[in-house]
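Structural overview for review
What follows is the residue order along each chain.
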Amino acid sequence: SFPKFRNISNKPNLTLENASDYRLGINFLPQDPEKQKEMKLKELKNGRLAMLAFGGAVTQATLSGNGFPWLYARTENGAAGLSSSLKPTASSSFAAGKVAHAQGRVARQAGYKMSAAVPFLPMSPALEGVAGEEEGFDPMGFSLAVDIRWLREAELKHGRVCMLATVGWITTDLGMRVPGEPFQVSTIDAHDALVKYGTMPHMLVWLGLLETFGFLALTNMFDGKTDRKPGDFGLRMLYPTDAKGQREMQLKELRNGRLAMLAFSGIATSGVLTGDTWPFFATAPERRQACSGSRLCGATTAAPRAFAAATARRALETSKSMPFLPKPQNLAGVPGCETEFDPLGLSDTFDVKWLRESELKHGRVCMLATLGFVAEQYVQFPGMTGAEDALNAIYTAPASATLALVFVAGYIESSIYGGKMTMLDMFEGDGAKRNPGDLDFGKQFLPKDAAEAYNLKLKELSNGRLAMLAFAGMVHHNLVVKGPLFPLIPEGWTGPQGSWNLDSVAGGLNSYQAGE
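Residue numbers run consecutively from 1 along every chain, following the written order of its sequence. For a predicted model such as this one, the threshold for reporting local features is a pLDDT of at least 70, and the threshold for listing and counting side-chain atom pairs is 80 or more; totals across whole chains, interfaces and linings nevertheless cover every residue. To obtain the side-chain values, all non-hydrogen atoms of the structure were included, while hydrogens and water were left out.

**As for the overall build of the chain**
Secondary structure follows DSSP: runs of H or I at least 4 residues long count as helices, runs of E at least 2 residues long count as strands, and numbering of each begins at the N terminus. Across its full length, the chain carries 15 helices and zero strands. Burial classification: accessible surface area is computed with a 1.4 Å probe over protein chains only, and a residue below 20% of its type maximum counts as buried, one above 50% as exposed, and the rest as partly exposed. For the chain, the residues scored as buried account for 26% of the 516 residues in total. Of the contacts formed within the chain by residues at least 6 apart in sequence, a portion of 53% connects residues at least 24 apart. All accessible-area figures derive from a Shrake-Rupley calculation using a 1.4 Å probe, and residue coverage is judged against the displayed protein chains alone. Surface summary for the chain: the accessible area is close to 35100 Å², and the carbon and sulfur share equals 64%. It only takes one pair of heavy atoms within 4.5 Å for two residues to be counted as in contact.

Below you can see the structure in the form of structure tokens.
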């Protein structure tokens, strides 16, 4: 483009051979044409190497925060790292062991240690204090640029998923199936079959819920609200109680997870390439050797004292119901505070009285709705037309009845609270004396004993929470089967495919993904 812009592209003296010839230093060029060509070739190769070297130098300096040689730490007295303090003289492969030993000795003298997994690289200081640090495996230096807790959380999550995926792939290849005709497909075709069958959106909803709790646990850990370790969700079944046993268990999970990630990648690749089932290429039973000495399969080492001290006690209080999240600080005094359940931390932002008022209201409405949802299929009020599917009852009910219901609900809402509906004014002034959920109705049925009255309030709260889940489940059931609540599986029902094809944007997207 430059020669064309300068209108010199047609000049006979501008060729590929003399491109970038600025006529500087030509007196240093050899007189022999062959030597000149060799000199130009050297300049070209060194320039290419320099472009790669400079890109790597900038990257290393950014990741490590050190000067040259970057990844090699400097001692307090400013002594240079490995590149200047170690000058190996052995050049043969026979002397490689002695050179590696000398590198480790010089590294320790310089104030850092070499990686056990990659002995020609130093161990990242960010790995200290985490399970598996004795291996020192971080050849790309990710822990120098990204928080090691986030990296370990992601590694454990992927490892656990792959351990389940590996077991699931092998068991289905061996013939185990969920009952039902749609599930009688090969492991390779299972994903597409589930998408077409309509199961995948349901799975994504539940997995998304689990991911939400995992995200909350991670953010609270980063904020210092808990002393949670990466991957810890408070599950202690079969978990050792001593620090050394916990260390070994964590290492086993970590290494088996790493092995599972490699194994699942290999299994998926082999399955697709061969079109066969596990064990793919095997033609006869093969002996399985124990892998107790492998770093990936569960070999353990002694627990460092620092780890034992860190796991000896939990410095920060955690929730009893969600032990991987911090204990809510604003639930004291309200029924149900013993469970310490507030995973979203709503009580840190909103008035806990207003939250409890809303929870009780929704719970009471859902208890009535659950009863009505079941009974509507069999019993109707006088003058009401029944609907086989309770979701259609709103369309069969007379308009006057619907308006009356809205009027009564609105009257209760306005009269009970005196027009104070928001969090800012509901419990201000005279409302400050009122307990959440107290509508001044049915108090004569409450026990006189304070403990029994508290127990009754707790039962109402628990049943209301259960009713909210139950009502959501019943509505979901009717949407999936496109029919009444009972029987739960209608006669002739072929599956949930198309059940999410609602008259909405999301429904349209689901129809497109399902190929309908």
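Here the narrative resumes, following the displayed structure.
**Section: helix α6 (residues 148-173)**
An α-helix turns once every 3.6 residues. As a result, residues three or four positions apart point the same way. Working rule for helices: expected span equals 1.5 Å times residues minus one. The end-to-end C-alpha distance of α6, which contains 26 residues, comes to 37 Å, matching closely the 38 Å that a straight helix rising 1.5 Å per residue would cover. Looking one or two residues past α6, G175 carries a phi angle of roughly 115°, positive in sign.

**Focus on the side chain of R356**
Position of R356 relative to the elements: it lies in helix α11 (residues 352-375). The contacts of R356, once residues within four sequence positions are left out, are V334, P335, P436, L461 and R465.

**Observations concerning the pattern of salt bridges**
Salt bridges are identified by distance alone: a Lys or Arg side-chain nitrogen within 4 Å of an Asp or Glu carboxyl oxygen. On inspection of all chains with the given rule, the structure shows 20 salt bridges. A salt bridge links E38 to K42, with the shortest nitrogen-to-oxygen separation between them at 3.9 Å. Here E38 and its partner K42 are both found in helix α2 (residues 33-64), four residues apart, which amounts to about one turn of the helix. For E38, a relative accessible area of 38% puts it in the partly exposed group.

**Re the environment of L469**
With respect to the helices and strands, the residue L469 is situated in helix α14 (residues 450-481). Taking the C-alpha atoms as reference, L469 lies 9.8 Å from T370; in sequence the two are 99 residues apart.

**Describing the packing of aromatic side chains**
Note on aromatic contacts: the rings of Phe and Tyr and the six-membered ring of Trp form a pair at centre separations within 6.5 Å, being stacked when their planes are under 30 degrees apart, edge-to-face when over 60 apart, and tilted otherwise. Taken as a whole, this structure holds five aromatic pairs when the rule is applied. Ring geometry for F233 against F324: centres 5.0 Å apart, planes inclined by 70°, an arrangement best described as edge-to-face. One end of the pair, F233, is in the loop between α8 (200-222) and α9 (243-274); the other, F324, is in the loop between α10 (305-311) and α11, and 91 residues separate them in sequence. Assessed through its relative accessible area of 26%, F233 is described here as partly exposed.

**Thoughts on unusual backbone geometry**
A cis geometry characterises the amide bond from W278 onward to P279, with omega recorded as 10°. Tracing the backbone shows P279 in the loop between α9 and α10. Cis rather than trans, the peptide bond between F486 and P487 has omega equal to -5°. Its location among the elements puts P487 in the loop between α14 and α15 (505-513). Positioned with a positive phi, E340 is a non-glycine residue whose angle comes to about 55°. By the secondary structure assignment, E340 is in the loop between α10 and α11. Even without being a glycine, K482 presents a positive backbone phi close to 55°. Within the secondary structure, K482 sits in the loop between α14 and α15.

**Notes on the nonpolar core**
L216, A217, M322, F324 and L325 form the largest nonpolar core, which has five residues in total. Non-local contacts of M322, meaning those with residues more than four positions away in its chain, are made with F213, F341 and P343. In this description, a nonpolar core means a group of buried Ala, Val, Leu, Ile, Met, Phe, Trp, Tyr and Cys residues linked to one another through side-chain atoms lying within 4.5 Å.

**With respect to the packing of α11 against α14**
For the pair α11 and α14, the least separation of the axes is 7 Å and the interaxial angle reads 50°. On the basis of their axis angle, the class for α11 and α14 is oblique. Judged by the twist between their axes, the crossing of α11 over α14 is left-handed. Counted together, R356, E359, L360, H362, G363, R364, C366, M367, A369, T370, F373 and V374 of α11 and E460, L461, N463, G464, R465, A467, M468, A470, F471, M474, V475 and N478 of α14 form the full contact between these two elements. For helices, the fitted axis covers only the stretch in contact; all axes are lines through C-alpha atoms, and the angles between them, taken along N-to-C directions, range from 0 to 180 degrees. Each angle receives one of four descriptions, namely roughly parallel if under 35 degrees, roughly antiparallel if over 145, roughly perpendicular if within 65 to 115, and oblique otherwise. By definition, any crossing whose near helix is turned counterclockwise from its far helix by less than a right angle is left-handed, and any crossing with a clockwise turn is right-handed.

**Some remarks on the environment of G234**
As for its placement among the helices and strands, G234 is situated in the loop between α8 and α9. A sequence separation of 86 residues divides G234 from K320, and the C-alpha atoms of the two residues are 9.5 Å apart.

**Overview of the side chain of D173**
Checked against the element boundaries, D173 lands in helix α6. This count recognises Lys and Arg as positive and Asp and Glu as negative, with His and chain-terminal groups excluded. One buried charged side chain, D173, makes no salt bridge at all; its nearest oppositely charged neighbour is R177, positioned 5.7 Å away. Among the polar contacts made by the side chain of D173, one reaches the side chain of T187 at a distance of 2.6 Å. With near-sequence residues (within four places) excluded, D173 lies in contact with T187, T277, W278 and F280. By the criterion applied in these results, polar contacts are pairs of N or O atoms within 3.5 Å in which, for protein atoms, one can donate a hydrogen and the other can accept it, and in which residues neighboring in sequence qualify only through two side-chain atoms.

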